[in-house]
Amino acid sequence: MKNPEGKAAQNIVLKIKDVTLRFGGLVAVGDLSMNVPEGSITGLIGPNGAGKTTVFNVITGFYKPTKGSVDFMGKPLTGLPPHKVCEAGLSRTFQNIRLFHNETVLENVMIGSYVRQKGRWWQNLLPFVFPAALREEREIRAGSLELLAHLGLAEQADAVSSSLPYGAQRRLEIARALATRPKFLLLDEPAAGMNPQESVELLNFIRKLRDDFDLTILLIEHDMKVVMGVCEYIWVLDRGLLIAEGSPETIRTNPQVIEAYLGKDAPVGDGPVGASPPVQ
Amino acid sequence: MKTKIRNGILNLLSLGVLVYFLWWAPGNLDGYKLRIINLIAINAILGLSLNLIYGMTGMFSLGHAGFMAIGAYVSALLILTPEQKVTMWILDPIAPWLLNFHTPFIVSLVLAGLAASFLGWLIALPVLRLGGDYLGIATLGFAEIIRILIVNLTPLTNGSLGLKGIPAHTDLWMSYGCLLVVLLFMIRLMKSNFGNVLRAVRDDEIAAKTMGIDTFQTRVLAFVIGCFGGGVGGALMGNLITTIDPKMFMITQTYSLLMVVVVGGLGSITGSVIGSILVTTLLEWLRFVENPVTIGSFHIPGIPGMRMVIFSVLLIVIIIFRREGIMGTREFSWDWFFPTGAPGEKSETKGVGQ
């Protein structure tokens with residue numbers, strides 16, 4: 001999947017078609033069409049206010065597009081509420097981490113598993129009548145611990161989630177998203193607030209996630225090192241419009257992208273776009 | 001495993017103590033004290049059901065008195081005999097179809113809960129789309145509507161005259177039996193993954209939606225379960241006091257329940273039980289401030305309602321200095337008494353022994 005020639009043969013798992021979202025007179029996203037092939041790591045970049053997170057919110061059902069459609073594995077997602085989108089197999093993280101602060105790390109992940117839980121809530125009240133429900137609860141607990149171990153959070157399983165250090169909170173948010181057993185993961189600025197060392201670790205972590213969990217990943221990122229390092233294909237938004245798409249190499253040298261990031265008369269020189277990434 | 005056995009034994013022991021106390025109390029305590037002990041259990045049931053709505057699922061509801069009223073009236077109307085009903089309805093004759101309804105107490109208790117939760121469900125559908133203070137205002141309004149309907153639907157409810165002569169079915173066994181069932185229900189519920197989901201909806205609704213939780217349905221469900229508890233509590237209360245009238249179910253009733261929940265700790269099962277003990281006994285004990293007092297040559301006449309003033313001050317003090325209440329969101333655990341016990345192994349939460 002990494003060679004560009006094979007791309008045509010790949011399945012398009014997420015298809016955004018002519019999506020427009022207007023807030024009154026403001027066009028937040030204008031006529032956006034993009035495809036994300038199965039098993040890829042795709043980047044969605046653009047300067048601040050370009051509408052990247054809005055695109056995420058349209059995909060995950062928080063906004064209903066004014067026009068256009070979003071298809072996931074051939075089924076329409078447009079108009080579904082967020083929890084149905086999650087059931088369909090898309091999960092996401094947030095730019096500003098949104099954990100369940102009063103809950104422990106383990107409970108956070110268990111909450112993520114709930115969407116796949118078959119036992120009804122009242123069955124757990126009568127454990128002797130519904131042993132299967134009780135067994136499922138135990139399995140969820142065990143599975144969540146396993147997932148935490150996989151992401152290196154096993155030791156903090158009983159800690160309250162808000163007590164974790166920042167990087168671990170980001171990882172926990174990803175763990176929680178994975179607990180919903182998604183096929184598609186949307187990461188909103190996973191590297192925000194991380195130092196260069198942590199960003200490099202994140203690169204490997206994202207690749208490992210994709211391989212271990214059979215995911216397709218779409219990520220928003222400002223850190224160009226991360227974007228160029230991990231993404232196989234990149235879409236660039238500016239002011240709600242798609243201005244470029246392509247492999248990291250073509251994006252790096254695309255004059256329109258450079259202009260969007262650095263302004264029109266900036267001395268571009270030989271520095272790549274990533275030379276001075278705009279800080280959020 | 002060892003702690004599990006230990007906790008099991010301790011739970012049984014405290015249950016035994018409770019049973020012994022309930023057996024001992026009726027012969028050795030006067031009626032006033034017995035009523036307070038009964039009220040503690042009933043307020044604990046009501047507090048737990050409000051805590052499920054407010055503390056655990058985060059819906060600020062001020063409608064509990066309304067659901068209590070529904071429960072109390074449904075239960076009373078089902079228990080009263082036709083003869084009693086005929087003599088009681090003075091202003092308007094009773095609706096004929098209601099006259100001959102008669103069920104045993106336990107059935108009326110369940111039906112009271114079901115009626116309250118059905119009404120709760122009807123109210124929840126439009127109202128739970130609101131959040132925060134708006135929800136509080138809307139539920140408060142609905143509770144008041146229920147009360148006013150009871151006042152005016154004379155053929156059904158005997159209006160503001162209320163219902164008298166309800167058989168005193170609520171004894172210690174009944175109220176504490178119900179409390180035990182409610183406690184077990186709450187403990188199992190909050191320990192299950194669904195309990196986690198309720199807390200998730202409270203903590204961050206957007207994140208909960210993203211995790212595939214239908215937050216609206218979850219809130220409706222928690223609200224309806226809480227209303228069931230409110231109805232049962234109201235029914236027990238009616239059968240304890242043997243007289244009910246619409247004035248019993250004014251906002252002050254919700255307010256004292258809110259106090260039970262807030263004093264004990266929002267989101268703590270143990271907290272609601274402790275809160276119920278404290279608030280119920282304090283409300284009674286503080287009655288002395290309403291009596292006339294003579295200190296030296298000063299004579300202070302009794303001021304009715306003074307204890308509510310003191311109670312309000314207490315509540316303000318708690319909100320300022322210990323907002324999380326006595327328990328916060330923690331739960332009682334036998335491990336408190338065994339500091340060397342293995343950490344991490346969570347023990348059974350229990351409220352028995354009170």
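In what follows, the structure referred to is the one given above.
For the structure given in this document, a descriptive report is provided here. The shown structure was predicted, so the numbers you read here are calculated from the model rather than taken from an experiment. (Residues numbered from 1 in each chain as written. Chains lettered and ligands numbered in written order. Predicted model: local features only at pLDDT ≥ 70, side-chain atom pairs only at ≥ 80, totals over all residues. Heavy atoms only, no water.)

**Examining the overall build of chain B**
Logical step 1: The helix and strand inventory of chain B stands at 15 helices and two strands.
Logical step 2: For chain B, the C-alpha radius of gyration of 21 Å lies close to 20 Å, the compact-globule estimate for 354 residues.
Logical step 3: Summarising its shape, the C-alpha atoms of chain B cover approximately 65 × 60 × 40 Å along the three principal directions.
Logical step 4: When burial is assessed residue by residue, chain B has 51% of its 354 residues classed as buried.
Logical step 5: Taking the contacts inside chain B whose residues are at least 6 apart along the sequence as the reference set, 79% of them involve residues at least 24 apart.
Logical step 6: Of note, chain B has its 23 positive side-chain charges centred 4 Å away from the centre of its 18 negative side-chain charges. (Helix = DSSP H or I, 4+ residues; strand = E, 2+ residues; numbered from the N terminus. Rg over C-alpha atoms; globule rule 2.2 N^0.38 Å. Buried < 20%, exposed > 50% of the residue type's maximum accessible area, 1.4 Å probe, protein only. Contact = heavy atoms within 4.5 Å. Lys, Arg positive; Asp, Glu negative; His and termini not counted. Charge placed at Lys NZ, Arg CZ, Asp CG, Glu CD.)

**Overview of the side chain of Ser175(B)**
Residues and elements named next belong to chain B.
Logical step 1: You can see Ser175 is positioned in helix α9 (residues 172-191).
Logical step 2: Looking at Ser175, the relative accessible area reads 0%, which means it is buried.
Logical step 3: Within the structure, the side chain of Ser175 is placed 2.6 Å from the side chain of Asn38, a separation counted as a polar contact.
Logical step 4: Here Leu172 takes part through its backbone oxygen, which lies 3.3 Å from a polar atom of the side chain of Ser175. (Polar contact = N/O pair within 3.5 Å; in protein donor to acceptor, adjacent residues only side chain to side chain.)

**Thoughts on the environment of Ile220(A)**
Residue and element names in this part refer to chain A.
Logical step 1: With respect to the helices and strands, the residue Ile220 is situated in strand β8 (residues 216-220).
Logical step 2: For the pair Ile220 and Gly46, spaced 174 residues apart in sequence, the C-alpha to C-alpha distance is 8.6 Å.
Logical step 3: For Ile220, the residues in contact, after removing those within four places along its chain, are Leu44, Lys52, Thr53, Phe56, Leu187, Asp188, Glu189 and Pro190.

**Focus on the layout of surface pockets**
Residue and element names in this part refer to chain B.
Logical step 1: Computed from the structure, the second largest pocket encloses a volume of approximately 570 Å³.
Logical step 2: Lining the second largest pocket we find 24 residues, and of these Gln253, Leu283, Glu284, Arg287 and Arg307 sit closest to its centre.
Logical step 3: Listing elements by their share of the lining of the second largest pocket, those giving two or more residues are α2 (31-56), α12 (215-241), α13 (251-264), α14 (269-285) and α15 (306-321).
Logical step 4: Of the residues that constitute the lining of the second largest pocket, the class distribution is twelve nonpolar, six polar and six charged. (1 Å grid on protein atoms, 1.4 Å probe; cavity = no way out; pocket = protein on both sides within 12 Å on 5 of 7 lines; lining within 4 Å. Points joined across faces, edges and corners; volume = space filled by probe spheres on them. Nonpolar A, V, L, I, M, F, W, Y, C, P; charged D, E, K, R; others polar.)

**Remarks on helix α5 (residues 166-179) of chain A**
Logical step 1: Given a rise of 1.5 Å per residue, 14 residues ought to cover 20 Å, and the 20 Å separating the end C-alpha atoms of α5(A) matches this to within 8%.
Logical step 2: Judged by how many residues are buried, α5(A) sits mostly within the fold: twelve of 14 residues are covered.
Logical step 3: All buried positions along α5(A) are accounted for by Gly167(A), Ala168(A), Gln169(A), Arg170(A), Leu172(A), Glu173(A), Ile174(A), Ala175(A), Arg176(A), Ala177(A), Leu178(A) and Ala179(A).
Logical step 4: Close packing links the buried residues of α5(A) with β6 (90-92), α3 (105-113), α4 (131-150), β7 (184-188) and α6 (196-213) of chain A together with α11 (205-210) of chain B.
Logical step 5: The first or second residue beyond α5(A) is Arg181(A), which carries a positive phi of 50°. (Expected span 1.5 Å × (residues − 1).)

**A few points about the sheet that holds β7(A)**
All names here are of chain A.
Logical step 1: The strand order across the open sheet formed by six strands is β6-β7-β8-β3-β9-β10, and the pairing between neighbours is mixed. Only two strands of the sheet have a single partner each, and these edge strands are β6 and β10 (241-246). Here the average twist between neighbouring strands, direction ignored, is 20°.
Logical step 2: Pairing of strand β3 (residues 41-45) with strand β9 (residues 233-238), which is carried by four bridges, proceeds in the parallel orientation. Bridge pairing in β9 links Gly43 to Ile234. (Pairing = 2+ DSSP bridges. Axes fitted to C-alpha atoms, helices over the stretch in contact; angles between N-to-C directions.)

**A closer look at the nonpolar core**
Logical step 1: Counting 93 residues, the largest nonpolar core has Leu163(B), Tyr176(B) and Leu236(B) as the members making the most contacts within it.
Logical step 2: In terms of residues, this core owes the most to one element, α2(B), which gives 15 residues.
Logical step 3: Leu236(B) has contacts with Ile42(B), Ile45(B), Phe105(B), Leu109(B), Thr170(B), Met174(B) and Cys178(B), leaving out every residue within four places of it along the chain.
Logical step 4: Formed by 48 residues, the second largest nonpolar core is a distinct cluster that contains Val105(A), Ala168(A), Leu215(A) and Met228(A). (Core = buried A, V, L, I, M, F, W, Y, C linked by side-chain atoms within 4.5 Å.)

**Notes on the interface of chain B and chain A**
Logical step 1: Counting residues at the interface gives 25 residues for chain B, matched by 30 residues for chain A.
Logical step 2: Here chain B and chain A share an interface that buries about 2,500 Å² over both sides, 63% of which is from carbon and sulfur atoms.
Logical step 3: Taking the shortest distance from any N to any O, the salt bridge between Arg199(B) and Glu103(A) comes out at 3.3 Å.
Logical step 4: The tally of links between chain B and chain A comes to eight residue pairs in polar contact (both at pLDDT 80 or more).
Logical step 5: Elements supplying a minimum of two residues to the side of chain B that touches chain A: α9, α10 (193-203), α11 and α12 of chain B. (Buried area = accessible area lost by both parts, 1.4 Å probe. Salt bridge = Lys/Arg side-chain N within 4 Å of Asp/Glu carboxyl O.)

**Remarks on empty space enclosed by the protein**
Residues and elements named next belong to chain A.
Logical step 1: Following the criterion strictly, the structure yields three cavities of 30 Å³ or more and no others.
Logical step 2: What the second largest cavity holds in volume is close to 40 Å³.
Logical step 3: Taken together, the elements giving at least two residues each to the lining of the second largest cavity come down to α2 (82-88) and β6.
Logical step 4: Class assignment of the residues belonging to the lining of the second largest cavity gives a composition of five nonpolar, three polar and one charged.

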